[in-house]
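Read off the chains here:
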Amino acid sequence: MDDFNLALVIVAVVVCVLVLFVNFYILINYQHPDDANQAYFPKFIVVLGLSVAAISILMLPADVANRQACRNAIYNGACSLTLPMKTLWLAVYIIDAVLVFLVIPFTMFYYEADQDKSAGKRLKSSLMWVIVSAIICTLILGILYGLLGKADITVRHLSSSTANFPSMWTEFSSAQPCIGSSSHQIFSIKQCSAYTASATSLTTWTTRTSFPEYVVALTTIVGSVLFSIFGGVGITCLPLGLIASFIKRPKAVITRSQYIKEATELSKKARELKKAADSLRQEEKSGSKGKSWRKNVKAVEKELLLLENDVNALEEMYPQGEQAETAWILTVLGYMGKLILGTLGAIVSVAWIAHIVIYLLIDPPLSPFLNEVFIQLDDIWGLLGTAAFALFCFYLLLAVIAGEMMLGLQLVFITIHPMKWGGTLMNSFLFNVGLILLSSISVIQFCATAFAYYAQATAAQEIFGHTLQSLRGIKYLYKYNVFQIAFIGFAFLTLLYYVLFGWKRKKPRGRFQLAN
């Protein structure tokens with residue numbers, strides 16, 4: 001028993017170290033050349049945020065393994081060297097909330113501040129924004145915790161009469177399973193009186209939850225709103241986007257004359273964008289940064305991103321240089337890989353949606369479905385079910401990121417911060433890390449609910465199940481499956497969008513103009 005638990009602790013330490021190395025690799029390869037050898041504090045926050053998000057996703061499988069390590073223990077103290085999962089959950093998610101609402105906004109304010117200002121002025125401006133945000137958040141949390149920070153837990157009151165302790169046990173049988181005569185016949189089953197309580201025995205216990213748990217709960221609600229929108233869109237657009245990319249792939253290399261014609265049009269577009277960017281820069285220096293200016297900045301950012309995509313597509317259709325044939329072969333293989341990944345993703349997405357409907361939306365559930373699959377995989381090999389469980393959780397987080405990128409491009413209601421290999425600025429990194437951190441809490445809560453049968457009796461179930469779903473003002477969102485229904489609704493709307501528009505080739509756009 002102790003050897004297994006010690007091995008679990010060692011595995012947890014090794015995984016944390018590997019997560020750090022992977023995140024350093026992501027940072028180094030995605031960062032923009034302009035940020036090389038500078039912006040060290042934002043880079044530290046990026047690595048820390050990505051590590052916290054990844055570790056929080058992996059903690060639920062670790063929680064399940066931690067529970068299994070003690071499944072043969074007679075009493076709680078008999079199992080030593082296990083991970084203190086409840087303490088770890090609260091610590092990770094308090095860190096998550098601090099990063100999302102305080103540290104990352106401060107870092108973005110400082111990074112995006114006017115470089116002509118001194119470091120002291122930028123620091124002062126950023127601190128002012130963060131202090132105001134912290135005061136507002138603290139007041140809101142304190143008021144809500146004082147008024148609504150209680151959990152109303154419904155329990156059934158069971159009682160029975162007393163009897164002398166029997167001197168012999170021969171009187172017990174299937175016909176007489178109770179001490180004394182306090183039993184009742186229900187259908188063909190004989191039950192003791194404590195198990196035959198009436199409906200009026202239901203009562204509600206009210207207890208005040210701890211403040212850290214309440215912070216986690218409110219942060220989860222904020223993340224769940226984004227998760228329902230971005231996750232619902234992403235669960236559909238992630239696989240279908242890859243398949244659509246394969247369908248709309250370049251079928252053959254274009255001619256040189258076609259390349260020159262397309263390149264000329266793109267160069268005109270680039271000059272228009274440069275002119276627009278210069279005009280916006282002049283407005284910024286003159287201090288006229290109004291609503292129209294911010295709208296035009298977002299429009300320029302969107303057009304610049306689309307222009308870069310057009311340039312990359314043109315380079316794919318007309319590879320140049322000594323390795324042109326090799327580049328074309330790699331392009332074809334890349335689109336084949338997208339088709340394979342899209343197909344596999346579609347299978348996972350269908351399994352997720354079917355599981356939500358079968359296990360969460362239908363009461364009582366028709367089947368444990370994926371819960372039973374993970375248990376069967378564990379029977380084949382101890383970590384196989386846990387690995388599959390972690391894969392489904394990670395896929396859900398990828399779906400959230402894919403949904404955010406799609407809605408950001410189509411609706412432009414948020415600032416676009418695309419992640420590009422070798423071309424991601426630190427403010428884009430920080431924005432996406434904040435989104436991942438905020439969504440990771442909801443992903444874990446959603447997985448803990450969706451796989452409650454597989455992850456039963458874990459610390460995550462205690463926090464995200466009983467406590468969160470019993471809090472005043474919040475419990476009704478979970479009682480009526482608001483987030484799950486919204487998730488399925490956005491997934492259906494996205495599927496409808498792809499059926500109607502997703503497979504069409506992109507039409508040429510007109511000239512770009514700034515709004516007045």
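Refer to the preceding data block for the structure.
Source: prediction; values computed, not measured.

Let's talk about the packing of helix 5 (residues 211-247) against helix 8 (residues 324-361)
Part 1 of the reasoning: Packing of helix 5 against helix 8 brings their axes to within 8 Å, and their N-to-C directions diverge by 155 degrees. The orientation of helix 5 with respect to helix 8, classified from their angle, is roughly antiparallel. For the pair helix 5 and helix 8, the crossing hand works out as left-handed. Two secondary-structure elements touch here, helix 5 through Ile235, Pro239, Leu242, Ile243, Ser245 and Phe246 and helix 8 through Tyr335, Met336, Lys338, Leu339, Leu341, Gly342, Thr343, Gly345, Ala346, Ser349, Trp352 and Ile353.
Part 2 of the reasoning: Tallied by class, residues from the contact of helix 5 with helix 8 come to 12 nonpolar, 5 polar and 1 charged.

Quick word on the packing of aromatic side chains
Part 1 of the reasoning: Inspection of every chain in the model, using the stated rule, returns 13 aromatic pairs.
Part 2 of the reasoning: A centroid spacing of 5.7 Å and a plane angle of 55 degrees characterise the contact between Phe374 and Phe389, whose relative ring orientation is tilted. You can see Phe374 sitting in helix 9 (residues 370-380) and its partner Phe389 sitting in helix 10 (residues 384-411), a full 15 residues away along the chain. There is no split in this pair, since Phe374 and Phe389 are both buried.
Part 3 of the reasoning: Measuring from ring centre to ring centre gives 5.1 Å for Phe374 and Phe451, while their planes differ by 70 degrees; the resulting arrangement is edge-to-face. Remark: Phe451 occurs in the loop between helix 11 (426-450) and helix 12 (459-467) and Phe374 occurs in helix 9; sequence separation between them is 77 residues.
Part 4 of the reasoning: Taking relative accessible area as the criterion, Phe374 reaches 1% and is therefore assigned buried.
Part 5 of the reasoning: Owing to a relative accessible area of 0%, Phe451 belongs among the buried residues under this scheme.

Topic: the pattern of salt bridges
Part 1 of the reasoning: In this structure the tally under the stated criterion is 3 salt bridges.
Part 2 of the reasoning: Here Glu303 and Lys269 are joined by a salt bridge, their closest N and O atoms 3.2 Å apart. You can see Glu303 sitting in helix 7 (residues 291-317) and its partner Lys269 sitting in helix 6 (residues 256-286), a full 34 residues away along the chain. Here Glu303 and Lys269 have matching classes, each one buried.
Part 3 of the reasoning: Measuring nitrogen to oxygen at the nearest pair gives 3.3 Å for the salt bridge that ties Lys274 to Asp278. You can see Lys274 and its partner Asp278 sitting in helix 6, 4 residues apart, about one turn around the helix.
Part 4 of the reasoning: Among the residues examined, Lys274 registers a relative accessible area of 54% and is labelled exposed.

Focus: the side chain of Ser224
Part 1 of the reasoning: Turning to its location among the elements, Ser224 is positioned in helix 5.
Part 2 of the reasoning: Residue Ser224 is classed as buried on the basis of its relative accessible area, which comes to 2%.
Part 3 of the reasoning: Sequence-distant contacts of Ser224, defined by excluding residues within four places in its chain, comprise Ser442, Gln445, Tyr478 and Phe483.

Side note on helix 5
Part 1 of the reasoning: Helix length check: helix 5 (37 residues) gives 51 Å between terminal C-alpha atoms against 54 Å at 1.5 Å per residue, within 8%.
Part 2 of the reasoning: Within helix 5, the axis deviates most sharply at Cys237, by approximately 35 degrees, and proline Pro239 lies no more than four positions further along.
Part 3 of the reasoning: Most of helix 5 is tucked away, with 26 of its 37 residues classed as buried.

So, the nonpolar core
Part 1 of the reasoning: Of all hydrophobic cores here, the largest spans 73 residues; its most connected members are Trp89, Trp352, Leu396 and Phe451.
Part 2 of the reasoning: Broken down by element, the residue count for this core peaks at 15 residues, all from helix 11.
Part 3 of the reasoning: Formed by 10 residues, the second largest nonpolar core is a distinct cluster that contains Tyr214, Ala217, Leu218 and Ile474.

Considering a nonpolar patch on the surface
Part 1 of the reasoning: A surface patch of nonpolar side chains, about 730 Å² in accessible area, is lined by Leu123, Leu127, Ile131, Ile135, Leu139, Ile143, Leu147 and Leu148.
Part 2 of the reasoning: With respect to the helices and strands, Leu148 occurs in helix 4 (residues 119-148).

Observations regarding the environment of Met85
Part 1 of the reasoning: Its place among the elements puts Met85 in helix 3 (residues 85-112).
Part 2 of the reasoning: In sequence terms Met85 and Met59 are 26 residues apart; their C-alpha atoms lie 8.3 Å from each other.
Part 3 of the reasoning: Those residues in contact with Met85, other than ones at most four positions away along the chain, are Met59, Asp63, Asn66 and Ala459.

Some remarks on the packing of helix 5 against helix 11
Part 1 of the reasoning: It is the contact of helix 5 with helix 11, at a shortest axis distance of 7 Å, that shows an interaxial angle of 95 degrees. The pairing of helix 5 with helix 11 is recorded here as roughly perpendicular in orientation. Residues Val216, Thr219, Thr220, Val222, Gly223, Ser224, Leu226, Phe227 and Phe230 of helix 5 form the contact with helix 11, whose participating residues are Leu435, Leu438, Ile441, Ser442, Val443, Gln445 and Phe446.
Part 2 of the reasoning: Its residues assigned to classes, the contact of helix 5 with helix 11 comprises 10 nonpolar, 6 polar and no charged.

What about the environment of Gly231?
Part 1 of the reasoning: Within the element layout of this structure, Gly231 appears in helix 5.
Part 2 of the reasoning: In this structure the C-alpha to C-alpha distance between Gly231 and Leu396, which are 165 residues apart in sequence, comes to 6.9 Å.
Part 3 of the reasoning: The residues contacting Gly231, other than those within four sequence positions of it, are Leu226, Ala399, Val400 and Phe487.

Definitions and limits used
- Residues numbered from 1 in each chain as written.
- Predicted model: local features only at pLDDT ≥ 70, side-chain atom pairs only at ≥ 80, totals over all residues.
- Heavy atoms only, no water.
- Axes fitted to C-alpha atoms, helices over the stretch in contact; angles between N-to-C directions.
- Helix = DSSP H or I, 4+ residues; strand = E, 2+ residues; numbered from the N terminus.
- Parallel < 35°, antiparallel > 145°, perpendicular 65-115°, else oblique.
- Left-handed = near helix turned anticlockwise from the far one by under 90°.
- Contact = heavy atoms within 4.5 Å.
- Nonpolar A, V, L, I, M, F, W, Y, C, P; charged D, E, K, R; others polar.
- Phe/Tyr/Trp six-rings, centres within 6.5 Å; stacked < 30°, edge-to-face > 60°.
- Buried < 20%, exposed > 50% of the residue type's maximum accessible area, 1.4 Å probe, protein only.
- Salt bridge = Lys/Arg side-chain N within 4 Å of Asp/Glu carboxyl O.
- Expected span 1.5 Å × (residues − 1).
- Bend = angle between axes of the 7 residues up to and from the residue.
- Core = buried A, V, L, I, M, F, W, Y, C linked by side-chain atoms within 4.5 Å.
- Patch = residues over 30% accessible without salt bridge, like charges linked within 9 Å, V, L, I, M, F, W, Y side chains within 5 Å.
- Areas by Shrake-Rupley, 256 points an atom, 1.4 Å probe, with all protein chains shown as cover.

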